[in-house]
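Listed below, chain by chain, are the residues.
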Amino acid sequence: NRLENLHFSIAFVGALAINLDYGFLHNSAMTVALLEKVVERTDKVVALIDHTKITNSFSNYILPLSTVDVIVSDSKFPKDAADKLRAKGIEVFK
């Protein structure tokens, strides 16, 4: 409940993996619930995701792509993946 009274200008988040169709995969419902509360109280959300995190896997614990404004990655992040994310309105920096 402490998050209820907080506001963040920017939040940097990570994930175990990213599915380009569904979102950011995590290993627990508690992590996703916490991140959802943070995202609700943040002006800009930046995900830090390197190219090795791209997957076709699915998890029950997903933070949707729509919750993130920007993805910062490494130079090996595939152009087609970056283009797909940009088409969904997410800025991608690599």
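Above this text is the structure in question.
Predicted model, so just to flag it, every value in this text is computed and none were measured.

Q: Talk me through the pattern of salt bridges; I want residue IDs and the actual numbers.
A: Tallied over the full model, the rule gives six salt bridges. Here Lys-84 and Asp-21 are joined by a salt bridge, their closest N and O atoms 2.7 Å apart. With a gap of 63 residues between them, Lys-84 in helix α2 (residues 79-87) and Asp-21 in the loop between β2 (17-19) and β3 (23-25) connect regions that are remote in the sequence. Exposure remark for Asp-21: the relative accessible area of 46% places this residue in the partly exposed category. A salt bridge links Arg-86 to Asp-83, with the nearest nitrogen and oxygen atoms 3.6 Å apart. Of this pair, Arg-86 and Asp-83 are both found in helix α2, three residues apart, which corresponds to roughly one turn of the helix. In this structure Arg-86 comes out as partly exposed when scored by relative accessible area, which is 39%. Where salt bridges share partners, they join Glu-4, Lys-37, Glu-40 and Arg-41 into one cluster.

Q: Please set out the side chain of Ser-59 residue by residue, giving values where relevant.
A: Assignment of secondary structure puts Ser-59 in the loop between β5 (54-55) and β6 (62-64). Polar side-chain contacts of Ser-59 include one of 3.3 Å to the backbone oxygen of His-26. Non-local contacts of Ser-59, meaning those with residues more than four positions away in its chain, are made with Leu-25 and His-26.

Q: Which residues make up the environment of Pro-64, and what values do they have?
A: Locating Pro-64 in the fold gives a position in strand β6. Between the C-alpha atoms of Pro-64 and Arg-2, which are 62 residues apart in sequence, the distance is 23 Å. When neighbours within four sequence positions are excluded, Pro-64 is seen to be in contact with Tyr-22, Gly-23 and Phe-24.

Q: Residue-level account of the side chain of Asn-19, with values.
A: When you line up the elements, Asn-19 lands in strand β2. Exposure remark for Asn-19: the relative accessible area of 3% places this residue in the buried category. Within the structure, the side chain of Asn-19 is placed 2.8 Å from the backbone nitrogen of Asp-21, a separation counted as a polar contact. Apart from residues lying up to four places away in sequence, Asn-19 is in contact with Leu-25, Thr-55, Asn-56, Ser-57 and Leu-65.

Q: I'd like a description of a nonpolar patch on the surface, backed by residues and values.
A: On the surface, a cluster of nonpolar side chains totalling about 470 Å² of accessible area is made up of Ile-10, Phe-12, Leu-48, Val-72 and Phe-93. By the element assignment, Val-72 lies in strand β7 (residues 70-72).

Rules and cut-offs
Residues numbered from 1 in each chain as written. Predicted model: local features only at pLDDT ≥ 70, side-chain atom pairs only at ≥ 80, totals over all residues. Heavy atoms only, no water. Salt bridge = Lys/Arg side-chain N within 4 Å of Asp/Glu carboxyl O. Helix = DSSP H or I, 4+ residues; strand = E, 2+ residues; numbered from the N terminus. Buried < 20%, exposed > 50% of the residue type's maximum accessible area, 1.4 Å probe, protein only. Polar contact = N/O pair within 3.5 Å; in protein donor to acceptor, adjacent residues only side chain to side chain. Contact = heavy atoms within 4.5 Å. Patch = residues over 30% accessible without salt bridge, like charges linked within 9 Å, V, L, I, M, F, W, Y side chains within 5 Å. Areas by Shrake-Rupley, 256 points an atom, 1.4 Å probe, with all protein chains shown as cover.

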